[in-house]
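Architecture at a glance
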Amino acid sequence: MKKLLTVVWCCCSAVAFAQKKGMVSVIKDPMIDSLIAKRIELSTKAAVSPAVSTGKPGTAIVSQMGYRVQVFYGSDRREVFNEQSKFNSSFPEYNTYITYKQPNYYLRVGDFRTRLEAQRFLNELKPIFPTLFIFREKINAPNLEPQQ
């Protein structure tokens, strides 16, 4: 009898304390939706960090490991931008990237998938730029669509 009474009491107490269906209200700041929309907008455009400037904005960026050729480095900002414009006038089809790592600015060019491509380009640049180096770093994937 005690066991039966215990089982009945447990069932009644479970029903008495059971959760009831209710309504959930979400309270959030309206700025969250605008921040999400802004984030989506920025992710569809080319994201350029403040430390890096590219020669061709507006292209979608997909990062992968590859190679770039360092054309110039120095501590004078104007000098680096002059070298960038000199390079862009000679080779407008290649992207240029200026990175600042204290105390120097670095001008690196190209988005090469293989070291061989970078080496060929380095050999082409040797007569124009005296100090050239190849660096392995994250690159923007080149456009693979056939040009018409």
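Residue indices follow the written sequence of each chain, beginning from 1 at its first position. For a predicted model such as this one, the threshold for reporting local features is a pLDDT of at least 70, and the threshold for listing and counting side-chain atom pairs is 80 or more; totals across whole chains, interfaces and linings nevertheless cover every residue. Hydrogen atoms and water are omitted, and side-chain values are computed over all heavy atoms in the structure.

1. Focus: the confidence of the model for the chain
Where the model shows low pLDDT, its predicted coordinates should not be examined in detail. Here pLDDT means the predictor's own confidence in every residue, given as a number from 0 to 100. Taken over all residues, the pLDDT of the chain has a mean of 80, while the share at 70 or more is 76%. Secondary structure counts use DSSP, requiring at least four H or I residues in a row for a helix and at least two E residues in a row for a strand, with both numbered from the N terminus. Taken element by element, the predicted model of the chain shows its lowest mean pLDDT in strand 1 (residues 53–54) (46) and its highest in helix 4 (residues 115–125) (92).

2. Quick word on the nonpolar core
Formed by 19 residues in total, the largest nonpolar core has its most connected members in Val69, Val71, Phe87, Val109, Phe121, Leu125 and Leu132. Elements supplying a minimum of two residues to this core: strand 2 (63–74), helix 3 (77–90), strand 4 (104–112) and helix 4. Filtering out sequence-adjacent residues up to four positions away, Val109 remains in contact with Arg68, Val69, Val71, Phe87, Asn95, Thr96, Phe121 and Leu125. What we call a nonpolar core is a set of buried Ala, Val, Leu, Ile, Met, Phe, Trp, Tyr and Cys residues that are connected through their side-chain atoms within 4.5 Å. Burial classes follow relative accessibility: with a 1.4 Å probe on protein chains only, a residue under 20% of its type's maximum area counts as buried, one over 50% as exposed, and anything between as partly exposed. Any two residues having at least one pair of non-hydrogen atoms within 4.5 Å are treated as being in contact.

3. A word on helix 3
Two residues of an α-helix separated by three or four positions point the same way, owing to the 3.6 residues in each turn. A helix is expected to span 1.5 Å multiplied by its residue count minus one. In this model helix 3 runs 20 Å from its N-terminal to its C-terminal C-alpha over 14 residues, within 8% of the 20 Å that 1.5 Å per residue would give. Within helix 3, the full set of buried residues consists of Val80, Glu83, Gln84 and Phe87. Burial along helix 3 is one-sided: seen end-on, the buried residues are contained in an arc of 105°. Residues of helix 3 that are exposed and angled more than 90 degrees away from the buried face: Arg78, Asn82 and Ser89. Read the arc as the range of directions from the helix axis to the C-beta atoms.

4. Notes on the packing of aromatic side chains
Here is the rule: rings of Phe, Tyr and Trp (six-membered ring for Trp) pair when centre to centre is within 6.5 Å. Planes less than 30 degrees apart are stacked, more than 60 are edge-to-face, and the remainder are tilted. Evaluated as defined, the whole model comprises ten aromatic pairs. Ring geometry for Phe91 and Phe121: centres 5.5 Å apart, planes at 80°, overall edge-to-face. Of the two residues, Phe91 sits in the loop between helix 3 and strand 3 (96–101) while Phe121 sits in helix 4, which places them 30 residues apart along the sequence. Take Phe121: its relative accessible area is 3%, and that puts it in the buried class. Members of the aromatic cluster, each reached through a chain of ring pairs, are Phe87, Phe91, Tyr94, Phe112, Phe121 and Phe129.

5. Considering the pairing of strand 4
Across the nine residues that make up strand 4, a large majority, nine, are buried. In this structure, strand 2 lies alongside strand 4, joined through six bridges in antiparallel fashion. Across the sheet, Tyr73 pairs through a bridge with Tyr106, a residue of strand 4. Two elements, strand 3 and strand 4, share six bridges in a ladder whose sense is antiparallel. Across the sheet, residue Thr99 finds its bridge partner in strand 4, namely Tyr106. A pair of strands counts as paired when DSSP detects no fewer than two bridges linking them.

6. Observations concerning a nonpolar patch on the surface
Side chains of Met1, Leu4 and Val8 sit close together on the surface and give an oily, nonpolar patch of about 360 Å² of accessible area. For Val8, a relative accessible area of 43% gives the class partly exposed. The patches described consist of residues with a relative accessible area above 30% and no salt bridge, like charges being joined within 9 Å and nonpolar side chains (Val, Leu, Ile, Met, Phe, Trp, Tyr) within 5 Å. Note on areas: Shrake-Rupley with a 1.4 Å probe; residue coverage comes only from the protein chains shown. We count a salt bridge whenever a side-chain nitrogen from Lys or Arg sits within 4 Å of a carboxyl oxygen from Asp or Glu.

7. Here's the deal with the side chain of Glu137
In this structure, Glu137 sits in strand 5 (residues 133–140). Apart from the residues within four sequence positions on either side, Glu137 is in contact with Gln64, Met65, Gly66, Arg68 and Arg108.

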